[in-house]
Amino acid sequence: MTEQFFPSKSEPIGIKNLQSQFLSLRIGEEIPCLTIKGIRKLTNPLKEDNLPGTDYKYLIESEDSKILTVNSWVLWKEIAAVLKEAGKINVKLELKHNGREDYSVKLI
């Protein structure tokens, strides 16, 4: 294929573009304030990083447009319990990954 089928596009980037758009919560990490904008259930039977035993995972989008992928049942149950207690989705959470299958999720 020639370049005429794929026209070039140039756009400037700034320091904000260098920031990760994904949040990480590995062992020993924490997210001190996650303001939830929305939660999506992403179904894809071919993905290997789904929740164990399912064909889906959850994506939590923050108010600042960052994404936290939830593919651990332990973490999801902690988050769901706090959201049920709050009675709404749009809340601020503090999340910590203390150790293997050990998460701390608090409403702030």
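Up top is the structure these notes are about.
Here's a quick rundown of the structure. (Residues numbered from 1 in each chain as written. Predicted model: local features only at pLDDT ≥ 70, side-chain atom pairs only at ≥ 80, totals over all residues. Heavy atoms only, no water.)

## What to know about the overall build of the chain
Inclusion rule: Numbering goes from the N terminus for both helices and strands, where a helix is a DSSP run of H or I of at least four residues and a strand is a run of E of at least two. A simple rule labels every residue: compare its accessible area, found with a 1.4 Å probe on the protein chains alone, to the largest value its type can have, and call it buried under 20%, exposed over 50%, or partly exposed in between. Throughout, a residue-residue contact means that at least one pair of heavy atoms, one from each residue, lies within 4.5 Å. In short, Shrake-Rupley with a 1.4 Å probe defines the accessible areas, and a residue's cover is counted only from the protein chains shown.
Counting its regular elements, the chain contains one helix and six strands. The N-to-C order of helical and strand elements in the chain reads β-β-β-β-α-β-β. Evaluated residue by residue, the chain yields a buried proportion of 28% over its 108 residues. Long-range pairs, those at least 24 residues apart, make up 46% of the contacts in the chain with a sequence separation of at least 6. Total accessible area computed for the chain in this model is approximately 7,900 Å², and 51% of it derives from carbon and sulfur atoms.

## What about the side chain of His97?
Here is the rule we go by: Here a polar contact means two N or O atoms within 3.5 Å. Within protein one must be a hydrogen donor candidate and the other an acceptor candidate, and residues neighboring in sequence count only if both atoms are side-chain atoms.
Among the secondary structure elements, His97 is positioned in strand S5 (residues 92-99). One polar contact links the side chain of His97 to the main-chain carbonyl oxygen of Gly99, over a distance of 3.1 Å. Discounting residues that sit within four places of it in the chain, His97 has contacts with Leu25, Arg26, Ile27, Gly28, Glu29, Asp102 and Tyr103.

## A look at the packing of aromatic side chains
The test is simple: Pairing of aromatic side chains requires ring centres within 6.5 Å, counting the rings of Phe and Tyr and the six-membered ring of Trp. Pairs whose planes differ by under 30 degrees are stacked, by over 60 edge-to-face, and all others tilted.
Per the counting criterion, the structure on display carries three aromatic pairs. An angle of 75° between the planes, with centres 5.7 Å apart, marks the rings of Tyr56 and Tyr58 as edge-to-face. No difference in accessibility class separates Tyr56 from Tyr58, as the two residues are buried. Centroid distance Tyr58 to Trp76: 3.8 Å. Interplanar angle 15°. Geometry classified as stacked.

## Looking at unusual backbone geometry
In the Ramachandran plot, Ser65 falls in the positive-phi region, its phi being about 65° despite a non-glycine side chain. Mapped onto the fold, Ser65 is located in the loop between strand S3 (56-62) and strand S4 (67-70). Overall, the relative accessible area of 39% leaves Ser65 in the partly exposed class. At Glu101, a position not held by glycine, the phi torsion is positive, near 55°. In this structure, Glu101 sits in the loop between S5 and strand S6 (102-107). For Glu101, a relative accessible area of 54% puts it in the exposed group.

## A word on the sheet that holds S4
Worth spelling out the cut-off: Strands are treated as partners if at least two bridges between them are detected by DSSP. Axis geometry follows a simple rule: fit a line to the C-alpha atoms, using only the stretch in contact for helices, then measure angles between N-to-C directions, giving values from 0 to 180 degrees.
Sheet architecture is open: six strands sit in the order S1-S4-S3-S2-S5-S6, paired in mixed fashion. The sheet is open, and its two borders are formed by strand S1 (22-23) and S6, each paired with just one other strand. The pairing of S3 with S4 spans four bridges and is classified as antiparallel. Considered in S4, the bridge of Leu59 is made with Thr69. Across the sheet, helix H1 (residues 73-86) touches strand S2 (30-43), S3, S4, S5 and S6, and the angle it forms with S6 is around 20°.

## Some words on the nonpolar core
The test is simple: Put simply, a nonpolar core is a bunch of buried Ala, Val, Leu, Ile, Met, Phe, Trp, Tyr and Cys residues held in one set by side-chain atoms that sit within 4.5 Å of each other.
Formed by 21 residues in total, the largest nonpolar core has its most connected members in Leu68, Val70, Leu75, Ile79, Leu93 and Leu95. Those elements that place two or more of their residues in this core are S2, S3, S4, H1, S5 and S6. With six residues, H1 is the largest single contributor of residues to this core. The contacts of Leu93, once residues within four sequence positions are left out, are Ile31, Pro32, Cys33, Leu34, Ile36, Ile79, Val82, Val105, Lys106, Leu107 and Ile108.

Geometry only, nothing functional implied.
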